[in-house]
Amino acid sequence: MSDLLGRFLGDWNALLVLLIAGFLPNEIWRMLGLWLGGGVDEGSELLVWVRAVATAILAGVIAQILVSPPGALAGVPDWLRYGAVAGGFAAFIATRRSIFAGVVCGEVIMLIGKWWLG
């Protein structure tokens, strides 16, 4: 079981670097934004624009990963990548435009498909 977990997660050093260099600096800015933006009206033009830009960035990243997959994702068949995006989009629509639900659903489809393929 431990060997399976080790193969699934990969190199622990890389995960530590990802946590320190990727997650923590971003989390600081997210918490600062939450603190400073607590009183902002959700229907304001500025927030609508920010939400649109964030959605566009997410769509661009997904398109880039879909068309030109990096690293281990290149070994995943095209049909599985496109199917995960379609499933994620369906979940996005079904949950009244929840980006979180769409991303999680797409990831789950990808993981189950990769596990099923071996």
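Some remarks on the confidence of the model for the chain
Taken as a whole, the chain shows an average pLDDT of 85; of its residues, 90% reach a score of 70 or greater. The lowest-confidence element of the chain is helix H1 (residues 2-9), averaging 58 in pLDDT; the highest-confidence one is helix H4 (residues 78-94), averaging 94.

Details of the packing of H4 against helix H5 (residues 99-117)
Packed helix pairs are characterised by how far apart their axes lie and by the angle those axes make with each other. Relative to each other, H4 and H5 sit at 150 degrees, their axes nearing to 7 Å. As summarised for this structure, H4 and H5 are arranged roughly antiparallel, according to the angle between their axes. Crossing hand, H4 versus H5: right-handed. Residues Trp79, Leu80, Arg81, Gly83, Ala84, Gly87, Gly88, Ala91 and Phe92 of H4 lie in contact with H5, whose contacting residues are Ile99, Ala101, Gly102, Cys105, Gly106, Ile109, Met110, Gly113, Lys114, Trp116 and Leu117.

Here we look at H4
Along its 17 residues, H4 runs 24 Å from first to last C-alpha, staying within 8% of the 24 Å computed at 1.5 Å per residue. Of the residues making up H4, those classed as buried are Leu80, Arg81, Ala84, Gly87, Gly88, Ala91 and Phe92. Down the axis of H4, the buried side of the element spans an arc of 145 degrees, and every buried residue falls inside it. More than 90 degrees from the buried face of H4, the exposed residues found are Trp79, Phe89 and Ala94. One or two steps after H4, the chain reaches Arg96, where phi turns positive at roughly 55 degrees.

Re unusual backbone geometry
A positive phi angle is found at Arg96, which is not glycine, with a value near 55 degrees. Relative to the helices and strands, Arg96 resides in the loop between H4 and H5. Phi angles above zero are rare outside glycine, and Arg97 is one such case at about 70 degrees. Tracing the sequence through the fold places Arg97 in the loop between H4 and H5. On the basis of relative accessibility, which here comes to 64%, the residue Arg97 falls in the exposed class.

Here's the deal with the packing of helix H3 (residues 45-67) against H4
Orientation of H3 relative to H4, taken along the N-to-C sense of each, is 160 degrees, at an axis distance of 9 Å. Classified by the interaxial angle, the pair formed by H3 and H4 is roughly antiparallel. Taking contact as the criterion, the partners of Ile62, Ile65 and Leu66 in H3 are, on H4, Arg81, Tyr82 and Val85. Grouping the constituent residues of the contact of H3 with H4 by class yields five nonpolar, no polar and one charged.

Cut-off values and rules
- Residues numbered from 1 in each chain as written.
- Predicted model: local features only at pLDDT ≥ 70, side-chain atom pairs only at ≥ 80, totals over all residues.
- Heavy atoms only, no water.
- pLDDT = per-residue confidence, 0-100.
- Helix = DSSP H or I, 4+ residues; strand = E, 2+ residues; numbered from the N terminus.
- Axes fitted to C-alpha atoms, helices over the stretch in contact; angles between N-to-C directions.
- Parallel < 35°, antiparallel > 145°, perpendicular 65-115°, else oblique.
- Left-handed = near helix turned anticlockwise from the far one by under 90°.
- Contact = heavy atoms within 4.5 Å.
- Expected span 1.5 Å × (residues − 1).
- Buried < 20%, exposed > 50% of the residue type's maximum accessible area, 1.4 Å probe, protein only.
- Arc of directions from axis to C-beta.
- Nonpolar A, V, L, I, M, F, W, Y, C, P; charged D, E, K, R; others polar.

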